[in-house]
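Survey of secondary and tertiary structure
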Amino acid sequence: MSVRLKHEIQKLCSELGIPLVGFAPAGRWDKPLFEPWVPEEFRPAAIFPETETVIVIGIPVLLPALETSPSIWYYEEYRTVNTLLDLNAHRIAAFLNEKGFPSVAIPRDGYGHVSILKERPYAFFSHRHAAFLAGLGNFGINNTILTKEFGPRVRFTSIFTGAEIPPDPVIEEPLCIDCMQCVEICPVNALPRNGYPKGLTDKRTCAERSEGLAARFISPCGFCIKVCPIGEDRTLYGREDPGVYNEEESKYDRLHSAWKHIRKYGSR
Ligand code: SF4
Ligand code: SF4
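Residues numbered from 1 in each chain as written. Chains lettered and ligands numbered in written order. Predicted model: local features only at pLDDT ≥ 70, side-chain atom pairs only at ≥ 80, totals over all residues. Heavy atoms only, no water.

The helix and strand inventory of the protein chain stands at 11 helices and six strands. For a compact globule of 268 residues, the expected C-alpha radius of gyration is about 18 Å, and the protein chain comes in at 19 Å, within 12% of that figure. Taken along the three principal axes of its C-alpha coordinates, the protein chain extends 60 × 35 × 35 Å. Each of the 268 residues in the protein chain was classed as buried or not, and the buried ones make up 49%. Taking as baseline every contact in the protein chain between residues at least 6 positions apart, the subset at least 24 positions apart corresponds to 74%. Put simply, the protein chain shows about 13100 Å² of open surface, and 55% of that area lies on carbon and sulfur atoms. (Helix = DSSP H or I, 4+ residues; strand = E, 2+ residues; numbered from the N terminus. Rg over C-alpha atoms; globule rule 2.2 N^0.38 Å. Buried < 20%, exposed > 50% of the residue type's maximum accessible area, 1.4 Å probe, protein only. Contact = heavy atoms within 4.5 Å. Areas by Shrake-Rupley, 256 points an atom, 1.4 Å probe, with all protein chains shown as cover.)

Moving on: the site of ligand 2. Around ligand 2 lies a shell formed by Ile141, Asn142, Cys176, Ile177, Asp178, Cys179, Met180, Cys182, Cys228, Pro229 and Ile230. Considering only residue class, the shell around ligand 2 consists of nine nonpolar, one polar and one charged. (Near = heavy atom within 4 Å. Nonpolar A, V, L, I, M, F, W, Y, C, P; charged D, E, K, R; others polar.)

Here the focus is the side chain of Arg108. Looking at where Arg108 falls in the secondary structure, it is placed in the loop between β3 (103-105) and α5 (116-119). Setting aside its immediate chain neighbours within four residues, Arg108 contacts Asn82, Leu85, Asp86, His127, Arg155, Phe156 and Thr157.

A few words on the packing of aromatic side chains. The tally for this structure, following the rule as stated, stands at 11 aromatic pairs. Geometrically, the ring pair formed by Tyr74 and Tyr78 is edge-to-face, given 6.1 Å between the ring centres and 75° between the ring planes. Here the residue Tyr74 and the residue Tyr78 both occupy positions in helix α4 (residues 72-98), the gap between them amounting to four residues, near one helical turn. Assigned by exposure class, Tyr74 and Tyr78 land together as buried. Pairing Tyr75 with Phe217 gives two aromatic rings, centres 6.0 Å apart and planes at 90°, and the pair type is edge-to-face. Here Tyr75 is found in helix α4, whereas its partner Phe217 is found in the loop between α8 (203-214) and α9 (223-226), with 142 residues between them in sequence. For Phe217, a relative accessible area of 34% translates into the label partly exposed. Taken together, Phe34, Trp37, Phe132, Phe139 and Tyr196 form an aromatic cluster joined through their ring pairs. (Phe/Tyr/Trp six-rings, centres within 6.5 Å; stacked < 30°, edge-to-face > 60°.)

Tracing the sequence through the fold places Ile218 in the loop between α8 and α9. Relative accessible area serves as the criterion here: at 3%, Ile218 is assigned to the buried category. Sequence spacing of Ile218 and Ala130 is 88 residues, and the spatial spacing of their C-alpha atoms is 28 Å. When neighbours within four sequence positions are excluded, Ile218 is seen to be in contact with Pro70, Ser71, Ile72, Tyr75, Leu213 and Ser267.

Now for the pairing of strand β2 (residues 53-60). When you tally the buried positions in β2, you get eight out of eight residues, the bulk of the element. Residue alternation in β2 divides its side chains into two sets, Thr53, Ile55, Ile57 and Ile59 and Val54, Val56, Gly58 and Pro60, and both sets are buried. Bridge count between strand β1 (residues 20-25) and β2: six bridges; the pairing is antiparallel. Note that in β2 the partner of Val21 across the bridge is Ile57. When β2 meets strand β6 (residues 154-161), the two strands line up antiparallel, connected through eight bridges. Bridge pairing in β6 places Ile59 opposite Arg155. (Pairing = 2+ DSSP bridges.)

In structure tokens:
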């Protein structure tokens, strides 16, 4: 186990502007923590047998862009964050390869088009489970990983490496406060109230909404992550009051006018 290598990767992430990084041994996938668990063929060692450690990196989507959704602004923000994740995961894998540890970057979005998710709603690897096992956060009712820093407004990708790196502890205390705002705002009722992992997102219904938005260049939907009260980013942007998303509420007229303006342009 190399503590020094861990520090080098953390330093590299800091230089690359990656605020969240966590480490999970591949063996953690073989000890189910709840049911349904990750099937064997979706586990790191089945996908890349050299894997000893999974490094998970997280980059936030910026709340003011997200809260204009559905809009071209959030569409572009989402794509930018995905691109940054893919580029930086590749850089980290290259850094480890140069040191003699076989490493690969897993693509951020492992599907060709959202329409594919209607029939087969899973990628070949789950970065959400990886983020959970690497100690970056835990599951909320909205089926995403909530983090202390950004709530669910953060995207993840993973690097598989043959290096043995000291792991981070899984966060066991739930961050979700069961407020149900995510369930209530979902426009297609795709989120059950009984919480992950019992209440799984109706992925087909969610993907159908996303597909419709994608045709207009205003995907993804993101409503269930914009309203979540968890995350220090809410304080940064002065968005502690969830009432801000009630567009009938005159107190926030200035913001609502800005969102309406943005939604009128750059998309169908
Ligand atoms: S992304 Fe939108 S459609 Fe999908 S579960 Fe969240 S709120 Fe519902
Ligand atoms: S909106 Fe509320 S219920 Fe939904 S994930 Fe966030 S804290 Fe949990």
